[in-house]
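Listed here are the chains, written in short residue letters.
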Amino acid sequence: MSRTDVRVRPLEPSDVDAIVAIDEKLSGQTRKDYWRRRLDIASLRPPWMSMVAETDGRVAGFLFGWVGESEFGIPQPTGWVDLIGVDPAYRSRGVARALLDRFVESGRELRALERVATLIDLGQVDVREFFLRQGFQPGRMVQLERAV
Ligand SMILES: CC(C)(COP(=O)(O)OP(=O)(O)OC[C@H]1O[C@@H](n2cnc3c(N)ncnc32)[C@H](O)[C@@H]1OP(=O)(O)O)[C@@H](O)C(=O)NCCC(=O)NCCS
């Protein structure tokens, strides 16, 4: 399947069921309340920051992002990818790349983004390889955390 068969559009409230279904395949959990909250948060942000990709007229993947300005001590506006997920049945067709490309293009046009970033688990090979393939490289920041 070629890139032209992937249609990226802003997330709509009615996408929640499709996203819950994809997340079920990815996580093995049914998290309707979680995703309703995520969509509520997304609805407060500009539409280009939260998107779905359709192939064959079906929602095949999603991307949730936001823009940070001075967060984490990074001075320039930075687009952060919070969540990206593609239905396993639609992998390796450029769905995630189409979502990321749209996020980056929109961010450059609308918010003059100079950088895009994400946090990943290095042990999650598919996510790691995807971002490396898109030109992402490890930066100088590390995640600090502690139990509470
Ligand atoms: C990572 C992920 C988003 C990639 O989605 P995808 O639509 O299959 O990726 P694309 O087809 O756009 O891949 C673009 C490039 O990334 C690389 N890539 C993607 N997945 C890869 C993998 N598993 N291994 C190696 N490289 C990979 C490839 O080089 C690919 O280029 P190609 O077209 O030359 O093969 C998808 O595997 C996924 O959803 N994983 C689970 C993520 C997750 O758990 N999210 C949490 C949601 S709550």
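Residues numbered from 1 in each chain as written. Predicted model: local features only at pLDDT ≥ 70, side-chain atom pairs only at ≥ 80, totals over all residues.

### Examining the site of the ligand
For step 1, the next point in the chain: In the region of the ligand, 19 residues are neighbours, and Gly85, Ala96, Arg97, Asp126 and Glu129 sit closest.
For step 2, the next point in the chain: Mapped onto the shell around the ligand, the elements with two or more residues apiece are helix H1 (16–27), strand E4 (78–86), helix H3 (95–111) and helix H4 (125–133).
For step 3, the next point in the chain: The dominant element in the shell around the ligand, judged by the number of residues it contributes, is H4, at 5 residues.
For step 4, the next point in the chain: Partitioned by chemical class, the residues of the shell around the ligand number 8 nonpolar, 4 polar and 7 charged. (Near = placed C-beta within 6 Å. Helix = DSSP H or I, 4+ residues; strand = E, 2+ residues; numbered from the N terminus. Nonpolar A, V, L, I, M, F, W, Y, C, P; charged D, E, K, R; others polar.)

### Thoughts on the environment of Ile41
For step 1, the next point in the chain: As for its position among the elements, Ile41 is in helix H2 (residues 32–43).
For step 2, the next point in the chain: Look at Ile41 and you get partly exposed, because 13 C-beta atoms sit within 10 Å.
For step 3, the next point in the chain: Sequence spacing of Ile41 and Asp126 is 85 residues, and the spatial spacing of their C-alpha atoms is 27 Å. (Buried ≥ 20, exposed ≤ 12 C-beta atoms within 10 Å, placed from the backbone.)

### A short note on the sheet that holds strand E3 (residues 58–68)
Hydrogen bonds between backbone groups are what pair the strands of a sheet, and the pairing can be parallel or antiparallel.
For step 1, the next point in the chain: The sheet built from 5 strands is open, its strands ordered E1-E2-E3-E4-E5 with mixed pairing. Because the sheet does not close on itself, it has two edges, and the strands there are strand E1 (7–10) and strand E5 (115–118). Averaged over all pairs of adjacent strands, the angle between strand axes in this sheet comes to 30°, irrespective of strand direction.
For step 2, the next point in the chain: Bridge analysis of E3 against E4 gives 8 bridges, and the strand direction is antiparallel. Directly across from Phe64, in E4, lies its bridge partner Leu83. (Pairing = 2+ DSSP bridges. Axes fitted to C-alpha atoms, helices over the stretch in contact; angles between N-to-C directions.)

### Let's talk about H1
For step 1, the next point in the chain: Along its 12 residues, H1 runs 16 Å from first to last C-alpha, staying within 8% of the 16 Å computed at 1.5 Å per residue.
For step 2, the next point in the chain: Every buried residue of H1 is listed here: Ile19, Ile22 and Asp23. Along the axis of H1, the buried residues cluster in a sector spanning 100°; they form a single face. Along H1, the residues that are exposed and aim more than 90 degrees away from the buried face are Asp17, Glu24 and Lys25.
For step 3, the next point in the chain: On the buried face of H1, the contacting elements are H2, E3 and E4. (Expected span 1.5 Å × (residues − 1). Arc of directions from axis to C-beta. Contact = placed C-beta atoms within 7 Å.)

### Notes on the packing of H1 against H2
For step 1, the next point in the chain: One way to put it is that H1 packs onto H2 with a least axis distance of 10 Å and a crossing angle of 130°. Considering the angle they form, H1 stands oblique to H2. In terms of crossing hand, the pair formed by H1 and H2 is right-handed. Within the contact between the two elements, H1 uses Val16, Ile19, Val20 and Asp23 and H2 uses Lys32, Trp35, Arg36 and Leu39.
For step 2, the next point in the chain: Across the contact of H1 with H2, the residue classes tally to 5 nonpolar, no polar and 3 charged. (Parallel < 35°, antiparallel > 145°, perpendicular 65-115°, else oblique. Left-handed = near helix turned anticlockwise from the far one by under 90°.)

### Brief notes about H4
For step 1, the next point in the chain: The buried fraction of H4 amounts to 0 of the 9 residues, a small share that puts the element mostly on the outside.
For step 2, the next point in the chain: Taken from the residues just after H4, Gly135 is the one with a positive phi, measuring 95°.

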